[in-house]
Amino acid sequence: MKKIFILSAMMLTAMVTLAKDIKTVVVTTNPEMHCESCEKKIKGNLRFEKGIKNIITDLKTKTVTIEYDADKTNIQNIIKGFKKIKYEAKEVKKEAAKDQKSEKK
């Protein structure tokens, strides 16, 4: 009986861990991200913000795609993170992001 209880507890813990609310936001910056130095500055500093899981920069479209844990942070906190490094971030709405992706192809 004890083994069944321990096994059940382990399975429940695994399910809760896997059920994280991971979201994605695409932003543009002001000043515009225009070089590798800008990319490094953004990636190097934002990775320390709570809840950030992945940062993808795209110099062609001048956008930053951020995957984050919605249980730990939100878009407003991510934008505040950009302000710490002297950038103003603005969320790209989903339709505009789709248009930019189709232009890349």
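Our structure is the block above this text.
Because the structure is a prediction, the values reported are computed rather than measured.

Looking at the sheet that holds strand β2 (residues 52–58)
In a beta sheet, neighbouring strands are held together by backbone hydrogen bonds and run either parallel or antiparallel to one another.
Part 1 of the argument: Strand order in the open sheet formed by four strands is β2-β3-β1-β4, with antiparallel pairing between adjacent strands. Edge positions in the sheet fall to β2 and β4 (88–91), since each has one partner strand and no second. The sheet shows a mean angle of 30° between the axes of neighbouring strands, taken without regard to direction.
Part 2 of the argument: Examined bridge by bridge, strand β1 (residues 22–30) and strand β3 (residues 63–69) share seven bridges and lie antiparallel to one another. Within β3, the residue paired with Thr28 across the bridge is Thr63.
Part 3 of the argument: In the packing of helix α2 (residues 36–46) onto the sheet, contacts are made with β1, β2 and β3, and the angle to β2 comes to roughly 175°.

Here's the deal with the pairing of β3
Part 1 of the argument: The buried fraction of β3 is high, at five of seven residues.
Part 2 of the argument: Pairing between β2 and β3: six bridges, direction antiparallel. Across the sheet, Thr57 pairs through a bridge with Val64, a residue of β3.
Part 3 of the argument: Between the antiparallel neighbours β2 and β3 lie four residues, among them Lys62 with a positive phi of about 55°.

Definitions and cut-offs
- Residues numbered from 1 in each chain as written.
- Predicted model: local features only at pLDDT ≥ 70, side-chain atom pairs only at ≥ 80, totals over all residues.
- Heavy atoms only, no water.
- Pairing = 2+ DSSP bridges.
- Helix = DSSP H or I, 4+ residues; strand = E, 2+ residues; numbered from the N terminus.
- Axes fitted to C-alpha atoms, helices over the stretch in contact; angles between N-to-C directions.
- Contact = heavy atoms within 4.5 Å.
- Buried < 20%, exposed > 50% of the residue type's maximum accessible area, 1.4 Å probe, protein only.

Purely spatial values, then, with no claim about function.
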